[in-house]
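# Close look at the chain arrangement
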Amino acid sequence: SQASLVRLHHRFQALDRSKKGYLSRMDLQRIGALAVNPLGDRIIESFFPDGGQQVDFAGFARVLAHFRPVDDEDIGNRDPKQPEPLNSRTNKLRFAFQLYDLDRDGKISRHEMLQVLRLMVGVQVTEEQLESIADRTVQEADEDGDGAVSFLEFTKSLEKMNIEQKMSIRILK
């Protein structure tokens, strides 16, 4: 809504303390929900898809749209001719997939799964346990036996998860 965009722009301006008109990685690290998220650095990187050093308001709003909670009315009133909203289930899954697909080759390898698991669990689990979890996770999702997880396989493995709510943060509060 227009009011949400205005509030989001105020949030953008509050993060842009030096009034540059763009945000850096350091500015984004001030978002509390990202600072405490083990994947916060990966999420922050998603604001800079081409390796840039700054994100303007449009880019900021585009990335955060993935995390907007899904309202039931959003689903029922959608014009099928319009592109799917960024906070749709498919786009949330695509966003989550790219957090794991570190080399952006369209597949999540065992090595990539292991790297993300390390970020998520820290030192609470041994390396051997992490490797076992990564192996099992890739093995269970990998339907075509290529040793990696494609986007389609990723989507299927999460079909019972309520991704619409789990991947929602209220950035405006």
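Per an unreviewed UniProt entry, the chain goes by the name Calcineurin B homologous protein 2 and belongs to Galeopterus variegatus. Turning to the chain, the UniProt annotation filed under Sequence similarities (unreviewed entry) states: "Belongs to the calcineurin regulatory subunit family. CHP subfamily."

Two elements in contact, helix H8 (residues 110-121) and helix H9 (residues 127-141), have axes separated by 9 Å at closest approach and are oriented at 130°. The angle between H8 and H9 places the two elements in the oblique class. The handedness of the crossing between H8 and H9 is right-handed. Residues Arg110, Met113, Leu114, Leu117, Arg118 and Val121 of H8 form the contact with H9, whose own contacting residues are Glu127, Leu130, Glu131, Ile133, Ala134, Asp135, Thr137 and Val138. Split by residue class, the contact of H8 with H9 holds 8 nonpolar, 1 polar and 5 charged.

A few words on the packing of aromatic side chains. Under the criterion given, the structure shown has 6 aromatic pairs. Measuring from ring centre to ring centre gives 5.6 Å for phenylalanine 12 and phenylalanine 57, while their planes differ by 80°; the resulting arrangement is edge-to-face. In this pair, phenylalanine 12 is assigned in helix H1 (residues 2-15) and phenylalanine 57 in helix H5 (residues 57-65), connecting sequence segments 45 residues apart. Here the aromatic residues Phe12, Phe47, Phe57 and Phe60 are joined through ring pairs into a cluster of three or more. Lysine 20 extends its terminal NZ or CZ atom over the ring of tyrosine 22, reaching a point 5.3 Å from the ring centre. The ring centre of phenylalanine 48 lies 4.1 Å from the NZ or CZ of arginine 25, which sits over that ring.

The subject of this paragraph is the packing of H1 against H5. Direction vectors running N to C along H1 and H5 enclose 115°, while the axes themselves pass 11 Å from each other. Relative to H5, H1 is oriented so that their crossing is right-handed. Here H1 contributes Leu5, Leu8, His9, Phe12 and Leu15 to the contact with H5, which in turn contributes Phe57, Phe60, Ala61 and Leu64. The class makeup of the residues in the contact of H1 with H5 is 8 nonpolar, 1 polar and no charged.

Criteria and cut-off values
Residues numbered from 1 in each chain as written. Predicted model: local features only at pLDDT ≥ 70, side-chain atom pairs only at ≥ 80, totals over all residues. Heavy atoms only, no water. UniProt positions renumbered as here; feature names shortened; annotations may be inferred. Axes fitted to C-alpha atoms, helices over the stretch in contact; angles between N-to-C directions. Helix = DSSP H or I, 4+ residues; strand = E, 2+ residues; numbered from the N terminus. Parallel < 35°, antiparallel > 145°, perpendicular 65-115°, else oblique. Left-handed = near helix turned anticlockwise from the far one by under 90°. Contact = heavy atoms within 4.5 Å. Nonpolar A, V, L, I, M, F, W, Y, C, P; charged D, E, K, R; others polar. Phe/Tyr/Trp six-rings, centres within 6.5 Å; stacked < 30°, edge-to-face > 60°. Lys NZ or Arg CZ within 6 Å of the ring centre and 35° of its normal.

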